[in-house]
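Summary of the model geometry
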Amino acid sequence: MTDPKLEQLEGLLAETQDLTNAATLLFWDERVMMPPGGAAARAEAIATVTRVAQERFTAGEIGGLLENLRGLEESSDYDSFEASLIRVTRRDYDKATRVPPELVGEMSRASALALAAWGPAREESNFEALRPHLEKNLELRHRYVECFDPPDETYDVLLDNFEPNMKTAEVRLIFEELRDELVPLIEEIGDAGEIDDSFLHAEFDQEAQRAFSLDVLRRFGYNEDEWRLDQTPHPFMNTPGHRDIRLTTNFRPDDLSSLFGTMHEFGHGVYEWGVDSSLARTPLHSGVSLGLHESQSRTWENLVGRSRSFWRYFYPRLQETFAPQLGSVDEEAFYRAVNKVQPSLIRIDADEVTYNLHIILRFELEQDLIDGRLVVADLPEAWNAKMHDYLGVDVPDDAHGVLQDMHWAGGGFGYFPTYALGNVISVQIWDRAKEDLGDLDERFEQGEFGELREWLREHLYRLGRKFTPQETIERVTGSPIDAKPYLGYLREKLAPQAV
Amino acid sequence: MTVATESPQLERLQAVLAEIADLYHAQQILEWDARVSMPHAGAKARADVASTITQLAHGRLVSDEVGNLLADLDGAGHDPDSTEGALIRITRREWERASRIPSELAGEMAQASGVGVAAWDEAKAASNFESFRPHLERQLELKRRYIACFPETDDPYDVLLDEYEEGVTTAQVEEIFGRLKGELVQLVERHRADSVADLPGPFPVERQNEAGRLVLAAFGYDPESWRLDETPHPFAAKPGAGDIRLTTHTDERDLTSLFSTMHEFGHGVYEFDIDPAFARTPLGRGTSSAIHESQSRTWENLVGRSRGFWIWFYPQLQPLFPDALGGIDEVSFVHSVSAVRPGLIRGDADEVTYGLHIILRFELERELLAGTVEVSDLPEVWNARMKESLGVDVPDDAHGVLQDMHWSTGLFGYFPTYQLGNVISVQIWDRARAELGDLEEQFARGEFTPLRAWLSEQIYRHGSRYAPADLLRRVTGSGIDLEPYLKYLHAKFA
């Protein structure tokens, strides 16, 4: 028989989850459907629903139940639903109740204003217009950090919001290893001569891109009954309810980059889709961390979507779709073009190798800002210097430099490292999947991706948030986070002698 | 509401109401999305979310805090004719109603509505009443529990009716419908031998959409704040100020989508033109279902089926469908889209037979609630009554008892407001013509702005500031009156 206290807890958590789902839908609708005239009312509605969710979660009732449920937690198997639910909720609750609601409100208000300023600032390449907002965001982050026990490093507290339990020092070690290997690798690749990818920059009908992308997604496991795909300027994935997975992508008229963006978002979506349905309407029903989430988006985008075997199956179909543009381009040339490594200015357009250096740069600058070694006014200069050091590129203006991402305006300090951690984790999991499944390439060449998806579902997706990210990685791969497999993969795939 | 106020109680009340309005906004999006964009499999989770939001909004409204604020404000001497007075009046009405309903029942009703509409969708597609039956029984059970929260009411149906149409009683509706039924049956008989041919299609969907856009643009649709989507059943929604959403259903066999688009525009423009100062308060929406429907029917029928309108629009419509309409002149066209044709589907019915569809539903709802008609017998009774009142044979339940969504979501007591809307529309229309002169002449020139501005000034901008009966009296000088409507029908169809 279910413990009545547990049932009560589940009821309250279901309600919080419902409110979160409502807010998720309001956000999706705003980006995809809402006429612009509705913006002011929508901002109020999202603020209210989010606040009510937060209020109800932290109201105290849940705290009392968690105390009462200590006995049940201790007497239950660590892996059980009950113990996991209580454990994870306690962690969420402890974090949420440390921060006064006024500060939460101030942080979201400041972020909203900063995001509103970021758009025009980027368009006009005017860092000065964003500067006071970033300063405000940083000041609020310091007040936020003060709500917690003194950490080893201030940045730890921020990182924990995106990669729970991970320490800045651990990230630093991994990133140093990446940087030491990747900077010379990029040079080697550069010395080997430029790869021709000019045919990727042509006119590609957006409707045809969409049809082709949907063919790919259906092969991956997308179906109309549970998923949808829309067009927005900034691609994202969200899920306003169990079995309701929404991807967006940005089909551009003049290149094919969105094909990869779409597979990327699919990876986020399939992770959410695969969480065990028995966890629905609980806080366990989602991916466990941004790093793990990104490991899956990068798996489907890069490990699958930029592999030779994937294109062995799909290239003839793509060629047929875009005969005038690609008719005379053979599969090998296409494969090389979509895997071209070349230092560039914009993170989201970066290749698999240089991408990580974009992240490392942001990670270092964030810490400098948070620790006061760098003032906001000097940020553009510091940015440009590091871009030159790590990637050898000169930043022409702030729009193509420090203003390119919305994260800092949105208050997301501590978010960036999870992108590169995701790359690292993706290959650890990938290697493990190959051990179990044998030759994946053979299946991909046949257009079969179901076994991989089901393996990932069985070993990773279905766990949801039951375990910590570290526990999850260990359970899936048998070892802690480790950059070596990823570096091995990059070298094998992209070092000049291998191409 | 941006009303200067010295009263901390009023300020606090407005803050709570704003929060409830925001939850209602979320509710609207949850519903709109479920009908327009949600992947099918999301229905179960969606029903949970809708239920939670409804319970929370309900809980906020019936809280002791609101009760105490209302008690304080009642003694504070706010002028009942002021907007503050109106806000307090309408909040008290809603608070008193909602306080009778336990939050669990409110949540159960929202839950059943989400589940019911999905079941109805499937049942209708398969024309399988049996699969829908348990859901309808569940809805009736919930309605009976709901009605039981108001034990002092004379007629149980009054409880339901009052929710959509403040102040209107079942007895009043019975009287109006009784008289109307006799008149309509006679009119239908008179036209039974008519042989106005249906317009031969096909009418390509893209071209119909273009026609719809032309009309909406002339009426005052603005893409900055409006959108138009395709759904099996047309509807209008306003999640929040400045965000008006219409849907239509386009079938290449006929031009009904054009009329349903004008219909939904009528709902949309009423909401859009409400005084922005009323946003996030209970004053910021149309005052009743019947007044709302009077406006959708105004734009659909009184404007959209008028001679003047077609003098302006037919020359634009004809070239869009050269094959179908090339050989049909404007007079025959208008004749055809206004013809009396007893049919199966309420949504497609002409101005004369429409009322009989409503009266049938009104009667059945009362009998279902009273238990004199069993749910399991409903299809049979439906079909017999359709034969009796309209002389048509219902081939299957999809074209019979399953055609409307309303009962699946628990909307009992709503149908009568459609027909009351027709009645009211002509009362207001007569007033508009008295003040604005020859409207048809303006329509013939493509001018709809004077009419909209007048309606806006008289009706739309007030939102719910006036109770429906008060609003009607302010505009027309009388209560609900069947005579102008009968006169209109006789002039057009006798």
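Now for a quick tour of the structure. Everything numeric here is computed off the predicted structure, so don't read it as measured data. (Residues numbered from 1 in each chain as written. Chains lettered and ligands numbered in written order. Predicted model: local features only at pLDDT ≥ 70, side-chain atom pairs only at ≥ 80, totals over all residues. Heavy atoms only, no water.)

Quick notes on the overall build of chain B
Our working definition: Runs of E in the DSSP output that reach at least two residues are strands. Runs of H or I that reach at least four are helices, and both are numbered from the N terminus. Computation of the radius of gyration draws on C-alpha atoms alone. For the globule rule, the value is 2.2 Å times the number of residues to the power 0.38. Partly exposed residues are those whose accessible area sits between 20% and 50% of the maximum for their type, while under 20% is buried and over 50% is exposed, using a 1.4 Å probe and protein chains only. Residues count as neighbours in contact if any of their non-hydrogen atoms are within 4.5 Å of one another. Exposure was quantified through the Shrake-Rupley algorithm and a 1.4 Å probe, taking into account, for residues, occlusion by the shown protein chains and nothing else. We count Lys and Arg on the positive side and Asp and Glu on the negative side, and we leave His and both chain ends out. A charged residue contributes its charge at one atom only: NZ of Lys, CZ of Arg, CG of Asp or CD of Glu.
Check the secondary structure of chain B and you find 21 helices and 3 strands. For chain B, whose C-alpha radius of gyration is 22 Å, the value lies close to the compact-globule estimate of 23 Å for 494 residues. Along the first, second and third principal axes, the C-alpha set of chain B runs to 70 × 50 × 45 Å. In chain B, which comprises 494 residues, the share counted as buried stands at 56%. Partitioning the contacts of chain B with sequence separation of at least 6, the portion at a separation of at least 24 is 74%. For chain B, the accessible surface area stands at approximately 19300 Å², while carbon and sulfur atoms represent 51% of it. Here chain B holds 47 positive side-chain charges and 80 negative ones, and the gap between their average locations is 1 Å.

Thoughts on the overall build of chain A
Broken down by element type, chain A carries 22 helices and 3 strands. For a compact globule of 499 residues, the expected C-alpha radius of gyration is about 23 Å, and chain A comes in at 23 Å, within 12% of that figure. Once the C-alpha set of chain A is aligned to its principal axes, its extents read approximately 70 × 55 × 50 Å. For chain A, the residues scored as buried account for 56% of the 499 residues in total. Considering only contacts in chain A between residues 6 or more positions apart, those separated by 24 or more positions represent 72%. Of the accessible surface of chain A, which amounts to about 20200 Å², a share of 49% is contributed by carbon and sulfur atoms. Side-chain charges in chain A split into 51 positive and 92 negative, and the spacing between the mean points of these groups amounts to 3 Å.

A few points about helix H1 (residues 4-32) of chain A
Spelled out, the test is: An expected span of 1.5 Å times one less than the residue number is assigned to each helix. Whenever a nitrogen or oxygen atom comes within 3.5 Å of another N or O atom, the pair is scored as a polar contact, on the condition that within protein one atom can donate a hydrogen and the other can accept it, and that pairs from neighbouring residues in sequence are kept only if both atoms are in side chains.
Helix length check: H1 of chain A, at 29 residues, gives a terminal C-alpha distance of 41 Å against a target of 42 Å (1.5 Å per residue), a fit within 8%. Backbone nitrogen of Lys5 of chain A and a side-chain oxygen of the N-cap are separated by 2.7 Å at the start of H1 of chain A; the cap is Asp3 of chain A.

Some details on empty space enclosed by the protein
All names here are of chain B. Using the following cut-off: Only protein atoms enter the 1 Å grid used here, on which a cavity is any set of points holding a 1.4 Å probe that cannot leave and a pocket is any open set flanked by protein within 12 Å on both sides along at least five of seven lines; residues with an atom within 4 Å of a point are listed as lining. Grid points are joined across faces, edges and corners, and a volume is the space filled by probe spheres set on the points. Polar here means any residue outside two lists: the nonpolar Ala, Val, Leu, Ile, Met, Phe, Trp, Tyr, Cys and Pro, and the charged Asp, Glu, Lys and Arg; Gly therefore counts as polar.
In the structure shown here, the tally under the stated rule is 7 cavities of 30 Å³ or more. Roughly 70 Å³ of internal volume is contained in the largest cavity. In terms of lining residues, the largest cavity is bounded by Trp120, Phe132, Arg361, Trp382, Val401, Leu402, Asp404, His406, Trp407 and Phe415. Here the lining of the largest cavity is built from residues that sort into 7 nonpolar, 1 polar and 2 charged. Volume-wise, the second largest cavity comes out at about 60 Å³. As for the second largest cavity, its lining consists of Arg297, Asn301, Leu302, Glu351, Asn422, Ser425, Tyr485 and Tyr488. Of all the secondary-structure elements, those providing two or more residues to the lining of the second largest cavity are helix H11 (289-303), helix H17 (415-436) and helix H21 (483-493). Among the elements that take part in the lining of the second largest cavity, H11 stands out by supplying 3 residues, more than any other.

Description of the interface of chain A and chain B
For clarity, the cut-off: In this description, buried area is defined as the sum, over both parts, of the accessible area (probe of 1.4 Å) that is lost when the two are combined. A side-chain nitrogen of Lys or Arg and a carboxyl oxygen of Asp or Glu constitute a salt bridge if their distance falls within 4 Å.
With 38 residues of chain A at the interface, the matching set in chain B holds 36 residues. Approximately 2800 Å² of surface area, both sides summed, lies buried where chain A meets chain B, with 60% of it carried by carbon and sulfur atoms. It is Leu25, Met33 and Pro35 of chain A in chain A that bury the most area against chain B; as a group they hold 17% of the surface buried on that side. Scanning the region where chain A abuts chain B turns up 8 salt bridges. The residue Glu44 of chain A makes a salt bridge to Arg280 of chain B at a minimum N-O spacing of 3.3 Å. Linking chain A with chain B are 15 residue pairs in polar contact (both at pLDDT 80 or more).

Focus on helix H2 (residues 39-58) of chain A
Residue and element names in this part refer to chain A. To keep it simple, the criterion reads: Note that the arc is defined by the directions from the helix axis to the C-beta atoms.
Between the first and last C-alpha of H2 there are 28 Å, a value that for 20 residues agrees with the 28 Å anticipated at 1.5 Å per step. Three or more residues of H2 are buried, namely Ala41, Arg42, Ala45, Ile46, Thr48, Val49, Val52, Ala53 and Phe57. Buried positions in H2, seen along its axis, are confined to an arc of 160° and lie on one side of it. After H2 finishes, the residue Gly60 shows a positive phi value of roughly 115°.

As for the sheet that holds strand S2 (residues 236-240) of chain B
Residues and elements named next belong to chain B. Short version of the rule: Pairing between two strands requires that DSSP report at least two bridges joining them. To get an axis, a line is fitted to the C-alpha atoms, and for a helix only the part in contact is used. The angle between two axes follows their N-to-C directions and goes from 0 to 180 degrees.
Spatially, 3 strands are ordered S1-S3-S2 in an open sheet, and the strand pairing comes out mixed. Strands at the two margins of the open sheet, each flanked by one partner only, are strand S1 (226-230) and S2. Each strand of the sheet is rotated relative to its neighbour by a mean of 25°, with strand direction disregarded. The pairing of S1 with strand S3 (residues 243-248) spans 5 bridges and is parallel. Bridge pairing in S3 links Arg227 to Arg245. Against the sheet, helix H1 (residues 8-36) makes contact with S1, S2 and S3, and its axis sits at roughly 140° relative to S2, the strand it touches most.

Points about the packing of H1 of chain A against H2 of chain A
All names here are of chain A. What counts, and what does not: Reported orientations rely on four angle classes, namely roughly parallel under 35 degrees, roughly antiparallel over 145, roughly perpendicular from 65 to 115, and oblique for the rest. By definition, any crossing whose near helix is turned counterclockwise from its far helix by less than a right angle is left-handed, and any crossing with a clockwise turn is right-handed.
As a packed pair, H1 and H2 sit with axes 9 Å apart at the nearest point and diverge in direction by 160°. By the criterion of interaxial angle, the relationship of H1 to H2 is roughly antiparallel. In the crossing of H1 with H2, the sense of the turn from one axis to the other is left-handed. Residues Leu13, Glu15, Thr16, Leu19, Ala22, Ala23, Leu26, Phe27, Asp29 and Glu30 of H1 form the contact with H2, whose own contacting residues are Arg42, Ala45, Ile46, Val49, Thr50, Val52, Ala53, Arg56 and Phe57. Partitioning the contact of H1 with H2 into residue classes produces 12 nonpolar, 2 polar and 5 charged.

What to know about the packing of helix H8 (residues 170-191) of chain B against H21 of chain B
Residues and elements named next belong to chain B. Axis separation between H8 and H21 bottoms out at 12 Å; the angle between their running directions is 5°. With respect to H21, the axis of H8 lies roughly parallel. Facing H8, whose interface residues are Arg179, Leu180, Glu183, Leu184, Leu187 and His191, H21 presents Glu483, Tyr485, Leu486, Leu489, His490 and Phe493. Taken together, the residues of the contact of H8 with H21 break down into 7 nonpolar, 2 polar and 3 charged.

A closer look at the sheet that holds strand S2 (residues 237-241) of chain A
All names here are of chain A. Strand order in the open sheet formed by 3 strands is S1-S3-S2, and the pairing between neighbours is mixed. Looking at which strands have only one partner, the edges of the open sheet turn out to be strand S1 (227-231) and S2. Averaged over all pairs of adjacent strands, the angle between strand axes in this sheet comes to 25°, irrespective of strand direction. Across 3 bridges, the pairing between S2 and strand S3 (residues 244-249) is antiparallel. Following the sheet pairing, Gly241 is matched in S3 by Asp244.

Some details on the pattern of salt bridges
Inspection of every chain in the model, using the stated rule, returns 99 salt bridges over all chains. With a closest N to O distance of 2.7 Å, Glu332 of chain A and Arg308 of chain A form a salt bridge. Note that Glu332 of chain A is positioned in helix H15 (residues 331-338) and Arg308 of chain A in helix H13 (residues 308-321), a separation of 24 residues in sequence. Assessed through its relative accessible area of 32%, Glu332 of chain A is described here as partly exposed. Arg308 of chain A sits in the partly exposed class, given a relative accessible area of 33%. Salt-bridge contacts for Lys386 of chain A lead to Glu364 of chain A; the nearest nitrogen and oxygen are separated by 3.0 Å. Note that Lys386 of chain A is positioned in helix H17 (residues 379-391) and Glu364 of chain A in helix H16 (residues 354-370), a separation of 22 residues in sequence. Three or more residues joined by partner-sharing salt bridges are found here, namely Arg89, Arg93, Arg97, Asp162, Glu163 and Glu166 of chain B.

Notes on the packing of aromatic side chains
Remark: the centre distance and the inter-plane angle together describe each pair of aromatic rings, the angle taken between the planes. Here is the rule we go by: Ring geometry is summarised as follows: Phe, Tyr and Trp rings, the Trp one being its six-membered ring, pair when their centres sit within 6.5 Å, and such pairs are stacked at plane angles under 30 degrees, edge-to-face over 60 and tilted between the two. Criterion for a charge above a ring: Arg CZ or Lys NZ at most 6 Å from the ring centre, at most 35 degrees from the ring normal.
A full pass over the atoms with the stated rule returns 65 aromatic pairs over all chains. Ring centres of Tyr271 of chain A and Tyr461 of chain A lie 5.3 Å apart, and the angle between their planes is 35°; this geometry places the pair in the tilted category. Placement of the pair is Tyr271 of chain A in helix H11 (residues 257-274) and Tyr461 of chain A in the loop between helix H20 (450-459) and helix H21 (469-477), with a sequence separation of 190 residues. If you follow Arg305 of chain B out to its NZ or CZ, it ends over the ring of Phe259 of chain B, 4.0 Å from the centre. Directly above the aromatic system of Phe415 of chain B lies the positively charged group of Arg361 of chain B, at a separation of 5.4 Å from the ring centroid.

So, the side chain of Thr282 of chain A
Residue and element names in this part refer to chain A. Along the chain, Thr282 falls in the loop between H11 and helix H12 (290-304). Here Leu279 takes part through its backbone oxygen, which lies 2.7 Å from a polar atom of the side chain of Thr282. Aside from chain neighbours lying at most four places away, what touches Thr282 is Gln17, Phe81 and Leu85.

None of the figures reported here should be taken as evidence of function without further support.
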